[in-house]
There are 4 protein chains.
Amino acid sequence: MTDTDLVSLRRDLHRKPEPAWREFYTTARIVEELQSRVDLDALHVGPDATVADQRMGVPDAAELAAWHDRAREAGADEELLAELEGGHTGAVAVLERGEGPTVGLRVDIDALPREESDDPDHAPVAEGFRSEHEGAMHACGHDAHATIGIGVLQRIAESDFAGTLKVFFQPAEEVIGGGKSMAKSEHIEDVDYLLALHIGLDHPTGEIVAGIDGFLAVRHLEATFSGASAHAGGHPEQGRNAVQAMAAAVQNLYSIPRHNDGATRVNAGVAEGGSAPNVIPEEARILAEVRGETTDLMEYMHETAERVLRSAAEMHDCDLEIEIGADAPSATSDDELVSIVADVAGDANGVDRVLERDALGGSEDATYLMREVQQHGGLACYVGVGTDHPGGHHTATFDVDEASIGHGIETIAGAIDRIGRDRP
Amino acid sequence: MTDTDLVSLRRDLHRKPEPAWREFYTTARIVEELQSRVDLDALHVGPDATVADQRMGVPDAAELAAWHDRAREAGADEELLAELEGGHTGAVAVLERGEGPTVGLRVDIDALPREESDDPDHAPVAEGFRSEHEGAMHACGHDAHATIGIGVLQRIAESDFAGTLKVFFQPAEEVIGGGKSMAKSEHIEDVDYLLALHIGLDHPTGEIVAGIDGFLAVRHLEATFSGASAHAGGHPEQGRNAVQAMAAAVQNLYSIPRHNDGATRVNAGVAEGGSAPNVIPEEARILAEVRGETTDLMEYMHETAERVLRSAAEMHDCDLEIEIGADAPSATSDDELVSIVADVAGDANGVDRVLERDALGGSEDATYLMREVQQHGGLACYVGVGTDHPGGHHTATFDVDEASIGHGIETIAGAIDRIGRDRP
Amino acid sequence: MTDTDLVSLRRDLHRKPEPAWREFYTTARIVEELQSRVDLDALHVGPDATVADQRMGVPDAAELAAWHDRAREAGADEELLAELEGGHTGAVAVLERGEGPTVGLRVDIDALPREESDDPDHAPVAEGFRSEHEGAMHACGHDAHATIGIGVLQRIAESDFAGTLKVFFQPAEEVIGGGKSMAKSEHIEDVDYLLALHIGLDHPTGEIVAGIDGFLAVRHLEATFSGASAHAGGHPEQGRNAVQAMAAAVQNLYSIPRHNDGATRVNAGVAEGGSAPNVIPEEARILAEVRGETTDLMEYMHETAERVLRSAAEMHDCDLEIEIGADAPSATSDDELVSIVADVAGDANGVDRVLERDALGGSEDATYLMREVQQHGGLACYVGVGTDHPGGHHTATFDVDEASIGHGIETIAGAIDRIGRDRP
Amino acid sequence: MTDTDLVSLRRDLHRKPEPAWREFYTTARIVEELQSRVDLDALHVGPDATVADQRMGVPDAAELAAWHDRAREAGADEELLAELEGGHTGAVAVLERGEGPTVGLRVDIDALPREESDDPDHAPVAEGFRSEHEGAMHACGHDAHATIGIGVLQRIAESDFAGTLKVFFQPAEEVIGGGKSMAKSEHIEDVDYLLALHIGLDHPTGEIVAGIDGFLAVRHLEATFSGASAHAGGHPEQGRNAVQAMAAAVQNLYSIPRHNDGATRVNAGVAEGGSAPNVIPEEARILAEVRGETTDLMEYMHETAERVLRSAAEMHDCDLEIEIGADAPSATSDDELVSIVADVAGDANGVDRVLERDALGGSEDATYLMREVQQHGGLACYVGVGTDHPGGHHTATFDVDEASIGHGIETIAGAIDRIGRDRP
């Protein structure tokens, strides 16, 4: 069973969903909650929690200001809000409990830019905690993740764990924009063991996946083709047709050769250009992403995609600008930590099935933190916490079974405790 | 020299540019002007001037209402405006002057949906008659055309012309949407000789082209591809990719074989689809046009384009809907009328060069009226009236040399007069 | 009626069809015939008739040697054959008849590399003069052209024409390979009036087209893509796929924008690459041609085609070599000569219809000679001589109505005679 | 160390390389060798070894006859050769040794249609056993495979193995053409344990891979596009362009979506069409292959490829014929047999490293036999026998280290022996 205070907290966060880099209310609320519940040794907030120029996908000033205002209206602490201005959201909470390993826990806190269902049977509607922000929704369970982060801190504070615990409340996961800015901060440098978690993922309540793998490295690219317009009837030969360049690029992006080293992906998720039927199109753009089972494979896709885009532009005498967007590397969960999580998960109340491994098959910027830790000799593990979710991830009827918040806290806290004992 | 009243009128129309089917102020202003200047025998306005269900490209009710309001605010007569509601713009003015041939003159009156230059050197800025409607502009000289129509009526009313003159103030030429609705009306049925005109066309002030030819028949097509979205990382194989279908279609539309019978054109003027980089695109659309030197050639392009669109959809397992938009046939100027215009043009004040023939190389829905007249045994001729224009047609710095308004009136009125005398 | 000796000559040439640069027997036979019939002032044969390094599309030595042997076996004069070795075929015959203009007549003499019909109803079969060379055929009437050239020389030799007549027996028209080599020779330099002719062209026996126009300028291109092979199952990513490059090029070649200045053409007539289903293709090539209503339009197509080919190669990381093949410019028939031909054609026995103008719609390397003459101030005219032909040009059942040989001789000789009188 | 007689045998086979279904000398030589070395209980040869109508990729009669003659000239037994006429090559040798399991061993015997290196440093040149057949070579080690098959039979005949051993000398592996014809024969029906092997695969001499997996299922497709030719200058619109259809197909074949269930492949290994630069191409064809990590994935690729081919043909108004060529399923090595092989391999003389598993990453028609055995309840295992090979598989300088023949015999015979003891 999950602590009723934590359920209230999760529901409050659910009511105020804030997309990437707009988590003003969310960050303030987390900070207040921590200050009231846990005797922390350090709490790094906003600009102190991330490396500012490593943040990716930060919206423009007007958008940030609008959400900042909204957070103020929702009653967030003014002083705290001031620290977060300009999209400096997120926090790192530190608990020092004597000699021992430094364990990190990363939880993400942002919402999605989509409308929540108003179906009376949808639990947040029935129970009165549906999103109060039009066009935004916690449709991927990060409200529960933030809650678990707080619960774990509280539980470890009360335990006899020896060592240091750092919880990374990370913004902007949905745009793979925040992981890097925390991975590049000094806070990660001394972390020996990193845990991360996700709720749901098509696993039911009561099921724990000890080690998630199969993260695809991912990168976003935006290609803008600039040609010259012309009258399509009068002087087609005077045009430099950006839509033809775009079409040639789309066809050849999808046909980048498959790679023997593992899975690759490419998608021209948005492709658009032109202004009117009787004008040779002057501008077009492709918003694409490439992925790979390893970061090398993703780089192979990226490099080849750039070559395709460039030649398609040349073919139709267009100029091309490519803007590299956000990205995230691949990562794997280390056997040693997976074993520990698998061991302790079985002891958590309500957990009735533990899977050793499963593949995500998608992308996640927790991988930035995992790799950072692994590269300086530490271990990392990404844990799946099953929850019955009526709608799929990212859909209007997504919701979590709140019992799983407790399962997550117990499993993660159990693992931290065990790490402290087994790996001094 | 152009009558200063007519210059004022042209500048007033220039200040209030109204795109296709939104010519509420323009129509009202023309009607008022005619009523004050000419003793007409009949004046058919709005729904009486066109066949309602033959209008193509009419915008939605909200858009029409907004422009209707704007016309009211600009001071158009309320009673007249009431007649025009719902996009029933345009007028046909009739002058009966005894026994003789029925001569038609068609002038178009709509503006373009584009912003006008605010360069202080741009004459409408310098002289204070720049467009007052944001995002709209008389960038193709139809303000001068409407003015010439009124000038011709006035001149013929004062002449000893014997016969009937009908002036068609036609809406919606820019979307090739209005020509058919006038060509199918009863007003065209008894027209023996039809004149139409265009100002500019890269000919300088003082030059008249007696007979314009080379109109390309044109048709618009809108193709909508519907597939299925899927997670681009997790399940690319579950998608049915509408952007891939669109790209295959674009590439193969432009490669429809050239035709030995004459010029053809195709343009995918707008091509757009998809929603986000990590989602396999579910929807895409192409807004295309096909043209041909003859209507048959345009039909060849249309038929082949449909086959390409259909197979591109099938190739990527998408559904397809094709909506046929507006069109216009090709047409030619008849030798007999061209000779008359060539003869009289030389006598007009300020005209110093007369060309027999030139090719438009674009499309025009005046061709609907020309063909209608020719099909019932009449003759038609499309006249070019040179004007120095600083910017190209459809650009932000287009403007006309107002002296050419007088050249147009004199040439057209001269031709009508001659028709009355030579062809009783 | 055509002279029976000339009919025999035409049938002998028909029996021994020789494709481009292989016209050994044909040249020898023409030379012998001229020597026996006409008292020439000069006869330039083989290397003296053309500029050797301007010959295009000359086959390799083995191919030339095989046809040279065949000509010897067919009974051609050994001494003459020796002069022609290495594909130096063709001849220029000169008749000097005192003061007066220099008139040129160009006739082409090569056959096509295709099998002739063996249908018993096919006249050459029925009358016993079917092709004796397997895989070669006079399927475009050049046997009749050569015969007309000889007939005209004979007729003018017997007339009171004052001036000089040069007849150019041109090799290799079918590969647009011989025209340039004669146009660059000194023989063309003093030609004031050039006539050329073609039989058939879908005009019936008894019809003459005084001036043919609408020659499309043409150029051949061969593009070779070189990538890298790889095992298609094991290491597709190691390939650099030449067939993908080829396919991207083909798609985008056909979609080069149409041009407002006139007709253009492009064709990827041969496209081939790859070696086996399980190998990523290493090599591919495209044999393409571009055409234009003017030479400028052809150059526009050529330039754009090269850009497409280059970018397609880059897109798939392949190397590219482009070899420019044969070409021919466009040309027009001059009014003054067209008038003369139209005038005299009506007087020819058996000619019952004279058309002023018609368009070829294809290409011809006579245009090289026509332009050369026009560029140094002379006039040129390409004449069509109607003939009933049962099968289309280039098909297995093509044949000419031999009566039209006489029509051609009379019309051309009549025109030369008239030029001598009218334009001293 | 490998038996010197076996080395001589391998070298004799190497001298007489025979590609798929042409293994006349090879089959005869194997039969003679078996008859002289082993006391077999049955020997099924040619038509008795395979199911005739399940053979795929059999060449035409003339090609077969030419190789049959060559085998006779090389000294193969006339009576045996008579049995093999028409491409009925291959053999199944049976040794019955009392009660016990039936174990099968499959070895392939065909060569490749490629020239062998004549570099003096290439061992077959230096040692005098280079290929005597121009354009054919044992470039994948099947000469060693056949030799191992004989060696294993001899070894088991001398052992105290209880059970039945069947060795399948399979023709036509290189065209994935022979596996099915043996898998569908009665000989496979009672096989309880099937072993297969391959030498090399980038593993060095002394290394054994106990269980090879990662066979990609594969299928060949030949698509023929038929359109209509036309004169590329005169009437491009009359063509139905098979090369355009082919190019559209190639582009879209390579862009079939990647699949989340595992690796897929597609290759348009040969793509060719058209006849001449000035003719719109009438015919074109694509020789393609599709692969998948599972047979289902291969079927997904096949189905989608057919849709792409069909729509590409329709897009350019062409007819399409698709011929399904040879194929092979995927397969896996069973754990139980892998363990046995791993166990015994370490005991073989000269083997110093044993890997449990490795992936082939290519295709193999041994999978037909493996699946057949597995489907009726048996177990199968594909063993890799390391050998130092100077050139890569399928290259001109491929060769085997003959020591590995002994490693293969010992490992396989050891495994058979163990199966007889452990699994009675």
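Thresholds applied
- Residues numbered from 1 in each chain as written.
- Chains lettered and ligands numbered in written order.
- Predicted model: local features only at pLDDT ≥ 70, side-chain atom pairs only at ≥ 80, totals over all residues.
- Heavy atoms only, no water.
- Least-squares fit on C-alpha atoms with pLDDT ≥ 70 in both.
- Contact = heavy atoms within 4.5 Å.
- Axes fitted to C-alpha atoms, helices over the stretch in contact; angles between N-to-C directions.
- Helix = DSSP H or I, 4+ residues; strand = E, 2+ residues; numbered from the N terminus.
- Parallel < 35°, antiparallel > 145°, perpendicular 65-115°, else oblique.
- Nonpolar A, V, L, I, M, F, W, Y, C, P; charged D, E, K, R; others polar.
- Buried < 20%, exposed > 50% of the residue type's maximum accessible area, 1.4 Å probe, protein only.
- Lys, Arg positive; Asp, Glu negative; His and termini not counted.
- Salt bridge = Lys/Arg side-chain N within 4 Å of Asp/Glu carboxyl O.
- Polar contact = N/O pair within 3.5 Å; in protein donor to acceptor, adjacent residues only side chain to side chain.
- Buried area = accessible area lost by both parts, 1.4 Å probe.
- Pairing = 2+ DSSP bridges.
- Left-handed = near helix turned anticlockwise from the far one by under 90°.
- Disulfide = S-S within 2.5 Å.
- Expected span 1.5 Å × (residues − 1).
- Phe/Tyr/Trp six-rings, centres within 6.5 Å; stacked < 30°, edge-to-face > 60°.
- Domains from an automatic or database assignment.

### Let's talk about the relation of the copies chain B and chain A
Reasoning step 1: The operation relating chain B to chain A is a screw motion whose rotation component is 178°, with 0.7 Å of axial translation and a residual RMSD of 0.4 Å. Seen this way, the second copy is the image of the first under a two-fold rotation axis.
Reasoning step 2: A shared interface surface links the copies, since 100% of the contact residues of chain B are contact residues in chain A too.

### Notes on the packing of helix α9 (residues 295–315) of chain B against helix α9 (residues 295–315) of chain D
Reasoning step 1: Contact geometry of α9 of chain B with α9 of chain D gives a least axis separation of 8 Å together with a crossing angle of 180°. Classified by the angle between their axes, α9 of chain B and α9 of chain D sit roughly antiparallel to one another. Every residue of α9 of chain D that contacts α9 of chain B at Arg307, Val308, Ser311, Ala312, Glu314 and Met315 of chain B is listed here: Arg307, Val308, Ser311, Ala312, Glu314 and Met315 of chain D.
Reasoning step 2: The residue makeup of the contact of α9 of chain B with α9 of chain D, split by class, is 6 nonpolar, 2 polar and 4 charged.

### A look at unusual backbone geometry
Reasoning step 1: Despite not being glycine, histidine 394 of chain A shows a phi value in the positive range, around 75°.
Reasoning step 2: Within the secondary structure, histidine 394 of chain A is located in the loop between β12 (379–385) and α12 (403–422).
Reasoning step 3: Classification of histidine 394 of chain A by relative accessible area gives partly exposed; the value is 33%.
Reasoning step 4: Even without a glycine there, the phi angle at leucine 201 of chain C is positive, about 60°.

### As for the environment of glutamate 372 of chain C
Residues and elements named next belong to chain C.
Reasoning step 1: By the element assignment, glutamate 372 lies in helix α11 (residues 366–375).
Reasoning step 2: Separated by 178 residues in sequence, glutamate 372 and leucine 194 have C-alpha atoms that sit 9.7 Å apart.
Reasoning step 3: The contacts of glutamate 372, once residues within four sequence positions are left out, are Ala183, Lys184 and Ile188.

### Focus: the side chain of arginine 55 of chain C
Residue and element names in this part refer to chain C.
Reasoning step 1: Secondary-structure assignment places arginine 55 in the loop between β1 (42–45) and α3 (61–73).
Reasoning step 2: At 7.7 Å, aspartate 53 is the nearest oppositely charged side chain to arginine 55, a buried residue that forms no salt bridge.
Reasoning step 3: Within the structure, the side chain of arginine 55 is placed 2.9 Å from the backbone oxygen of alanine 52, a separation counted as a polar contact.
Reasoning step 4: In this structure the side chain of arginine 55 is engaged in a polar contact, spanning 3.2 Å, whose partner is the backbone oxygen of glycine 86.
Reasoning step 5: Not counting the four nearest positions on each side in its chain, arginine 55 is found in contact with Trp21, Thr50, Gly86, Gly87, His88, Gly177 and Ser181.

### Section: the interface of chain D and chain A
One widely used convention gives an interface's size as the accessible area the parts lose upon coming together.
Reasoning step 1: Taken together, the contacts link 13 residues of chain D with 13 residues of chain A.
Reasoning step 2: Roughly 1,100 Å² is buried in total at the junction of chain D and chain A, and carbon and sulfur atoms are behind 32% of that figure.
Reasoning step 3: If you sort the residues of chain D by the area they bury against chain A, Gln251, Arg258 and Arg265 of chain D come out on top, with a joint share of 58%.
Reasoning step 4: For the interface between chain D and chain A, the tally reads 0 salt bridges.
Reasoning step 5: Connecting chain D to chain A are 10 residue pairs in polar contact (both at pLDDT 80 or more).
Reasoning step 6: Looking at the side of chain D that touches chain A, the elements with two or more residues in it are α8 (242–253) and β8 (264–274) of chain D.
Reasoning step 7: Here the side of chain D that touches chain A takes 3 residues from β8 of chain D, the largest share from any one element.

### Here's the deal with the interface of chain B and chain A
Reasoning step 1: Between chain B and chain A, the residue contacts involve 38 residues of the former and 38 residues of the latter.
Reasoning step 2: Taken together, both faces of the contact between chain B and chain A bury some 2,700 Å²; the carbon and sulfur share is 56%.
Reasoning step 3: Mapped by element, the contributors of at least two residues to the side of chain B that touches chain A are α8 (242–253), β8 (264–274) and β9 (283–292) of chain B.
Reasoning step 4: When residues of the side of chain B that touches chain A are assigned to their parent elements, the largest contribution, 9 residues, is made by β8 of chain B.
Reasoning step 5: Tallied by class, the residues present in the side of chain B that touches chain A amount to 19 nonpolar, 15 polar and 4 charged.
Reasoning step 6: Relative to β8 of chain B, strand β8 (residues 264–274) of chain A runs antiparallel, the two sharing 5 bridges. Of the residues in β8 of chain B, the one forming a bridge with valine 270 of chain A is glycine 274 of chain B.

### Notes on the packing of helix α6 (residues 142–157) of chain A against α12 of chain A
Residue and element names in this part refer to chain A.
Reasoning step 1: Closest axis-to-axis distance for the α6/α12 pair is 9 Å, and the angle between their directions is 45°. Regarding the angle of α6 to α12, the classification is oblique. α12 is crossed by α6, and the crossing has right-handed handedness. Here Ala144, Thr147, Ile148, Gly151, Val152, Arg155 and Ile156 of α6 lie close against α12, whose contacting residues are Ile405, Gly408, Ile409, Glu410, Ile412, Ala413 and Ile416.
Reasoning step 2: Broken down by class, the residue content of the contact of α6 with α12 amounts to 9 nonpolar, 3 polar and 2 charged.

### Some remarks on the sheet that holds strand β10 (residues 319–328) of chain C
Hydrogen bonds between backbone atoms are what pair the strands of a sheet, whose relative direction is either parallel or antiparallel.
Reasoning step 1: Taken in spatial order, the 8 strands line up as β10(C)-β7(C)-β9(C)-β8(C)-β8(D)-β9(D)-β7(D)-β10(D) in an open sheet, and their pairing is antiparallel. Either end of the sheet is taken by a strand with one partner, and the two such strands are β10 of chain C together with β10 (319–328) of chain D. Taken over all neighbouring pairs, the strand axes of this sheet differ in orientation by 20° on average, direction set aside.
Reasoning step 2: Sitting on the sheet, helix α9 (residues 295–315) of chain C touches β7 (217–226), β8 (264–274), β9 (283–292) and β10 of chain C, and the angle it makes with β7 of chain C is about 5°.
Reasoning step 3: The strands touched by α8 of chain D within the sheet are β8 of chain C together with β7 (217–226), β8 and β9 (283–292) of chain D, with β9 of chain D carrying the most contacts at an inclination of about 15°.

### Topic: the state of the cysteines
Reasoning step 1: Counting across every chain of the model gives 0 disulfides over all chains.
Reasoning step 2: No disulfide involves cysteine 140 of chain A; its nearest neighbouring cysteine sulfur is the one of cysteine 381 of chain A, lying 19 Å away.

### Observations regarding the pattern of salt bridges
When charged atoms on two side chains of opposite charge get close, those side chains can pair.
Reasoning step 1: This structure, assessed with the given rule, holds 130 salt bridges over all chains.
Reasoning step 2: Between glutamate 299 of chain A and arginine 219 of chain A there is a salt bridge whose closest N-O contact spans 3.0 Å. Of the two residues, glutamate 299 of chain A is situated in helix α9 (residues 295–315) and arginine 219 of chain A in strand β7 (residues 217–226); the sequence distance between them amounts to 80 residues.
Reasoning step 3: Between arginine 72 of chain C and aspartate 69 of chain C there is a salt bridge; the shortest N-O distance is 3.3 Å.

### Observations regarding helix α2 (residues 24–37) of chain D
Along an α-helix, residues three or four positions apart point the same way, because every turn accommodates 3.6 residues.
Residue and element names in this part refer to chain D.
Reasoning step 1: Between the first and last C-alpha of α2 there are 20 Å, a value that for 14 residues agrees with the 20 Å anticipated at 1.5 Å per step.
Reasoning step 2: A large share of α2 lies buried, amounting to 11 of its 14 residues.
Reasoning step 3: Within α2, the full set of buried residues consists of Phe24, Tyr25, Thr26, Thr27, Ala28, Arg29, Ile30, Val31, Glu33, Leu34 and Arg37.

### Observations regarding the packing of aromatic side chains
Residue and element names in this part refer to chain A.
Reasoning step 1: This model, assessed by the stated rule, comprises 4 aromatic pairs over all chains.
Reasoning step 2: Judged by centre distance (4.9 Å) and plane angle (80°), the ring pair of phenylalanine 215 and tyrosine 382 falls under edge-to-face. Of the two residues, phenylalanine 215 is situated in the loop between β6 (207–213) and β7 and tyrosine 382 in strand β12; the sequence distance between them amounts to 167 residues.
Reasoning step 3: Residue classification places phenylalanine 215 among the buried residues on the basis of a relative accessible area of 1%.

### So, the domain arrangement of chain A
Residue and element names in this part refer to chain A.
Reasoning step 1: The domain boundaries assigned to chain A delineate domain 1 (4–215 + 331–422) and domain 2 (217–327).
Reasoning step 2: On the domain 2 side, the residues contacting the 8 residues of domain 1 number 10 residues.
Reasoning step 3: Taken together, the two surfaces of domain 1 and domain 2 that pack against each other cover about 640 Å², and 48% of this comes from carbon and sulfur.
Reasoning step 4: Summed over the three residues of domain 1 that lose the most area to domain 2, namely Ile176, Phe215 and Ser363, the buried surface amounts to 57% of that side.
Reasoning step 5: Inspection of the region where domain 1 meets domain 2 yields 0 salt bridges.

### Details of the relation of the copies chain D and chain A
Reasoning step 1: In screw terms, the move from chain D to chain A is a rotation of 177° and a rise of 0.0 Å along the axis, fitting with an RMSD of 0.2 Å.
Reasoning step 2: The fraction of interface residues of chain D whose copies in chain A are also interface residues reaches 100%, indicating that both copies meet through the same surface.

### A short note on the environment of leucine 34 of chain C
Residue and element names in this part refer to chain C.
Reasoning step 1: With respect to the helices and strands, the residue leucine 34 is situated in helix α2 (residues 24–37).
Reasoning step 2: For leucine 34, a relative accessible area of 0% gives the class buried.
Reasoning step 3: For leucine 34 and glutamine 154, which are 120 residues apart along the polypeptide, the C-alpha to C-alpha distance reads 8.4 Å.
Reasoning step 4: Aside from chain neighbours lying at most four places away, what touches leucine 34 is Leu40, Leu43, Ala93, Ile150, Leu153 and Phe169.

### Some remarks on the side chain of histidine 220 of chain B
Reasoning step 1: Among the structural elements, histidine 220 of chain B can be located in strand β7 (residues 217–226).
Reasoning step 2: Since its relative accessible area comes to 16%, histidine 220 of chain B is described here as buried.
Reasoning step 3: Residues within four places of histidine 220 of chain B in sequence aside, it is in contact with Pro277 of chain A together with Ile176, Ala288, Glu289, Glu323, Ile324, Gly325 and Ala326 of chain B.

### Some remarks on the sheet that holds strand β4 (residues 163–170) of chain D
All names here are of chain D.
Reasoning step 1: What the 8 strands build is an open sheet, ordered β1-β2-β4-β3-β5-β12-β6-β11; its pairing is mixed. Here the strands that pair on one side only, and so sit at the sheet edges, are β1 (42–45) and β11 (353–359). Along the sheet, successive strands turn relative to each other by an average axial angle of 20°, direction set aside.
Reasoning step 2: In the packing of helix α6 (residues 142–157) onto the sheet, the strands contacted are β2 (91–97), β3 (102–108), β4 and β5 (193–199), and the crossing angle to β4 comes to about 165°.
Reasoning step 3: Of the strands in this sheet, β5, β6 (207–213), β11 and β12 (379–385) are in contact with helix α10 (residues 335–345), which crosses β12 at around 35°.

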